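A closer look at the structure
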Amino acid sequence: MRDSVLSNKEEYLNALFSNEKESETKKLSRQYSEEVGRARISVSPPESALISLLVKMHGCKKFVEIGTLTGLSAQYIFESLPEGAELWTLEKEPAHGDKAAQVFAKIDQSKKKIHLVMGDAREELEKLSAQGPFDGVFIDGNKAAYMDYLVWAEKNLRKGGLILADNIFLSGSVWNDPSEQAQRFSDKQVRILREFNERLADSELYQSAIAPTQEGLFIAIKK
Ligand SMILES: C[S@@+](CC[C@H](N)C(=O)[O-])C[C@H]1O[C@@H](n2cnc3c(N)ncnc32)[C@H](O)[C@@H]1O
């Protein structure tokens, strides 16, 4: 890698945790996310490595993911769960869910299970509460609903449960970055993400930290 042409930290990290090392089913999820026109919104290789590691370190057995897309991050979470574990992953868009279902059908689920839950996460989470309490949640769905997801997580995670949340910088809009990327988020989305971040940074409620990945990953444990 030393001689290859790498000019910044992101390129270096992406090369180090390269897509090329991913399993066939993960490659399929990436291919499907391109086919549904959402190639750039799946977790990056370095982010997925971090999520996978945290889920394993936390010993999660019952885990919820909000925002399946084509099932890439779900696979990283799933592989870190122990035998007997369950993963519920929620997706609203049928086109995304259909692709994820095709990928999940290729994954060995004899020792642990993935449940793909189709529908609006806010409604489906309420129904899912009956299966709780959960050990962890990965929030990666509709940005304007992040506070609703967090309110649900506070009620439905066990004490000590893990919360991971992606895209918490909203491409810099939470600190008024003047870039075009940051400007595409609505005032409502920015207000909600700021409120969300402030709540997760509240040390009375959580022990937390932010991994400053490209999009920002909140890591929190419920007190
Ligand atoms: C950033 S993508 C998820 C990427 C995925 N976690 C990964 O890294 O492979 C966000 C997903 O959330 C879904 N979504 C958006 N609003 C939703 C809602 N209200 N309920 C459930 N899913 C939703 C979108 O359709 C999209 O597939």
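What this report covers is the structure whose coordinates are included nearby. (Residues numbered from 1 in each chain as written. Predicted model: local features only at pLDDT ≥ 70, side-chain atom pairs only at ≥ 80, totals over all residues.)

1. Overview of the sheet that holds strand 6 (residues 206-211)
Put simply, the rule is: Two strands qualify as a pair provided DSSP detects at least 2 bridges between them. Runs of H or I in DSSP of at least four residues are treated as helices and runs of E of at least two as strands, each being numbered from the N terminus. Axis geometry follows a simple rule: fit a line to the C-alpha atoms, using only the stretch in contact for helices, then measure angles between N-to-C directions, giving values from 0 to 180 degrees.
Read from one edge of the open sheet, seven strands run 3-2-1-4-5-7-6, paired in mixed fashion. Only two strands of the sheet have a single neighbouring strand rather than two, namely strand 3 (113-118) and strand 6. Averaged over all pairs of adjacent strands, the angle between strand axes in this sheet comes to 15°, irrespective of strand direction.

2. Considerations on the packing of helix 7 (residues 146-156) against helix 9 (residues 187-200)
Which entries qualify depends on this criterion: An angle counts as roughly parallel when it lies under 35 degrees, as roughly antiparallel when it exceeds 145, as roughly perpendicular when it falls between 65 and 115, and as oblique in every other case. Two residues form a contact once the distance between their C-beta atoms, set from the backbone, is within 7 Å. Charged residues are taken to be Asp, Glu, Lys and Arg, nonpolar residues to be Ala, Val, Leu, Ile, Met, Phe, Trp, Tyr, Cys and Pro, and polar residues to be all remaining types, Gly included.
With their axes 8 Å apart at the nearest point, helix 7 and helix 9 run at an angle of 30° to one another. Accordingly, the angle class assigned to the pair helix 7 and helix 9 is roughly parallel. In this structure, helix 7 uses Tyr146, Met147 and Leu150 to contact helix 9, whose residues at the interface are Ile192, Leu193, Glu195, Phe196 and Arg199. Of the residues that constitute the contact of helix 7 with helix 9, the class distribution is six nonpolar, no polar and two charged.

3. Structural notes on the environment of arginine 199
With respect to the helices, strands and loops of the structure, arginine 199 is situated in helix 9. Apart from the residues lying within four places of it in its own chain, the contact partners of arginine 199 are Leu150 and Leu205.

4. Some points on the environment of asparagine 156
Note on placement: asparagine 156 falls in helix 7. Through-space distance from the C-alpha of asparagine 156 to that of serine 33 is 30 Å; in sequence the pair is 123 residues apart. Leave out the neighbours within four places in its chain, and asparagine 156 touches Ser129, Gly132, Pro133 and Phe134.

5. Digging into the site of the ligand
Convention followed: As used in this record, a residue near a molecule or strand is one whose C-beta atom, placed from the backbone, is within 6 Å of it.
Not every one of the 18 residues close to the ligand is listed here, only the nearest: Gly67, Leu72, Ser73, Ala121 and Asn142. Listed by contribution, the elements that provide at least two residues to the shell around the ligand are helix 4 (72-79) and strand 2 (86-91). Residues belonging to the shell around the ligand are distributed by class as follows: seven nonpolar, six polar and five charged.

6. A word on the nonpolar core
Keep this limit in mind: Note on definitions: a nonpolar core is a set of buried residues drawn from Ala, Val, Leu, Ile, Met, Phe, Trp, Tyr and Cys, linked by C-beta atoms within 7 Å. Buried means a residue has 20 or more other C-beta atoms within 10 Å of its own C-beta, exposed means 12 or fewer, and partly exposed covers the counts in between; C-beta atoms are placed from the backbone.
Grouped together as the largest cluster of nonpolar side chains are 49 residues, with contacts concentrated most on Ile77, Leu87, Val137, Ile139, Ile163 and Leu164. Among residues more than four places away in sequence, those in contact with isoleucine 77 are Ile51, Ser52, Val55, Phe63, Glu65, Leu87 and Phe138.

7. Overview of the pairing of strand 4 (residues 134-139)
How we decide: We call a crossover right-handed when, viewed with both strands directed away from the observer, the connection leading from the first strand over the helix to the second proceeds clockwise.
In terms of residue burial, strand 4 counts as a mostly covered element, since six of its six residues are buried. As paired strands, strand 1 (residues 62-66) and strand 4 are joined by four bridges and run parallel to one another. Looking across to strand 4, one finds that valine 64 is bridged to valine 137. Bridge count between strand 4 and strand 5 (residues 157-166): five bridges; the pairing is parallel. Each bridged residue has a counterpart across the sheet, and for glycine 136 the counterpart in strand 5 is leucine 162. Handedness of the crossover is the feature at issue here: the chain leaves strand 4, passes through helix 7, returns alongside strand 5, and the resulting connection is right-handed.

8. Observations regarding unusual backbone geometry
In this structure, the amide linkage connecting glycine 132 to the following residue, proline 133, adopts the cis form with an omega of -5°. Mapping proline 133 onto the fold places it in the loop between helix 6 (121-128) and strand 4. Although it is not a glycine, leucine 170 adopts a positive phi angle of roughly 45°. Its place among the elements puts leucine 170 in the loop between strand 5 and helix 8 (180-183). Owing to 24 C-beta atoms within 10 Å, leucine 170 belongs among the buried residues under this scheme. At serine 171, a residue that is not glycine, the phi angle is positive and equals roughly 55°. Residue class for serine 171 comes out partly exposed when judged on the 17 C-beta atoms lying within 10 Å of it.

9. A few points about helix 4
Most of helix 4 is tucked away: seven of the eight residues are buried. Turning to helix 4, its buried residues are Leu72, Ser73, Ala74, Gln75, Tyr76, Ile77 and Phe78.

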